[in-house]
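# Working through the structure, step by step
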Amino acid sequence: MEKTATELIDELIIVHIKLYHVIDKKHEAADMGFMEEAGYQGIVEDTLNGQRSALKNALSEKLGDEFHEIKVGSQEGLQR
Amino acid sequence: MIGVDEAENIVRERFGIDLSDTGSTHLPVLISVLSRTCCDVLELGTGKYSTPILHELCEAQKRRLFSYESNRSYYEKVKHFQTELHSVEHVKSFDQANIEQDWGLVFIDHAPAKRRVVDIERVSVYADYIVCHDTEPEPDYIYDYSETFKNFLYRWDYTKFETHTTVLSVRREWE
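A brief report on the enclosed structure follows. (Residues numbered from 1 in each chain as written. Chains lettered and ligands numbered in written order. Predicted model: local features only at pLDDT ≥ 70, side-chain atom pairs only at ≥ 80, totals over all residues. Heavy atoms only, no water.)

### Quick notes on the overall build of chain A
The helix and strand inventory of chain A stands at two helices and zero strands. Counting every position in chain A, which comprises 80 residues, the buried fraction comes to 35%. In chain A, of all internal contacts separated by at least 6 residues, the share reaching a separation of at least 24 is 56%. Accessible surface computed for chain A: about 4,800 Å², of which carbon and sulfur atoms make up 52%. (Helix = DSSP H or I, 4+ residues; strand = E, 2+ residues; numbered from the N terminus. Buried < 20%, exposed > 50% of the residue type's maximum accessible area, 1.4 Å probe, protein only. Contact = heavy atoms within 4.5 Å. Areas by Shrake-Rupley, 256 points an atom, 1.4 Å probe, with all protein chains shown as cover.)

Structure below.
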């Protein structure tokens, strides 16, 4: 089933939070000289960035130039 | 309009965030205030939860978001949020942040601690609502919030968690 705009926004937020965590771990590993670990975190970061781009594109297609009200519960749809 | 209780559910159920994490306790208030306002948003001090959530919700609403960060390491983790609508800027001092303009929401969560009240005063007449984090009484000697808070006509404290959040306004009552 096609995802709603609200579901896409929720997923994007979750991916962003994971990305923050991964970038944090990558920097920490690099600062401590653990370059292999930093490299691994960099790969995870790339994967998450890919997910982020896909979600962004899907959301952009769905919303276009529309304003999206912050939705709660089962409410859905675009409103101005 | 989203109430704070509803916003708590959104944070827990939809974003999967544990509200017992000190760094997340402001989120229900931020989401609720965001839903009550309609113009630009200012974030002083970035965070692993506040920046992503403000970013996506402001993008969806086509609202401009300005994030300022003085800590280089924190900035590195959020600089990728930069878009046409979201300005993410590293500043050596918050004096460099041009914040004297109208805001729907201002979020105060930056360092150094004593700087917070300086910037609250700078935006006080420009903001519909100012949301301040870490406002429980115990660390008031660190932030000096209490004296500044007396200058606001409207104040509401969110005390459900150990780390408190306060909403201030000289313009709009908290309903």
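### What to know about the interface of chain B and chain A
Each side of the interface is counted separately: chain B has 26 residues, and chain A has 26 residues. Summed over both partners, the interface of chain B with chain A comes to about 2,300 Å²; 65% of that surface belongs to carbon and sulfur atoms. Interface area lost by chain B to chain A is led by Arg14, Glu56 and Lys77 of chain B, which between them contribute 29%. A salt bridge links Asp10 of chain A to Arg14 of chain B; the shortest N-O distance between them is 2.6 Å. Between the two partners, chain B and chain A, sit six residue pairs in polar contact (both at pLDDT 80 or more). Mapped by element, the contributors of at least two residues to the side of chain B that touches chain A are helix 1 (4-14), helix 2 (27-36), helix 3 (50-60) and helix 4 (72-78) of chain B. Ranked by residues supplied to the side of chain B that touches chain A, first place goes to helix 3 of chain B with seven residues. Taken together, the residues that form the side of chain B that touches chain A break down as 13 nonpolar, five polar and eight charged. (Buried area = accessible area lost by both parts, 1.4 Å probe. Salt bridge = Lys/Arg side-chain N within 4 Å of Asp/Glu carboxyl O. Polar contact = N/O pair within 3.5 Å; in protein donor to acceptor, adjacent residues only side chain to side chain. Nonpolar A, V, L, I, M, F, W, Y, C, P; charged D, E, K, R; others polar.)

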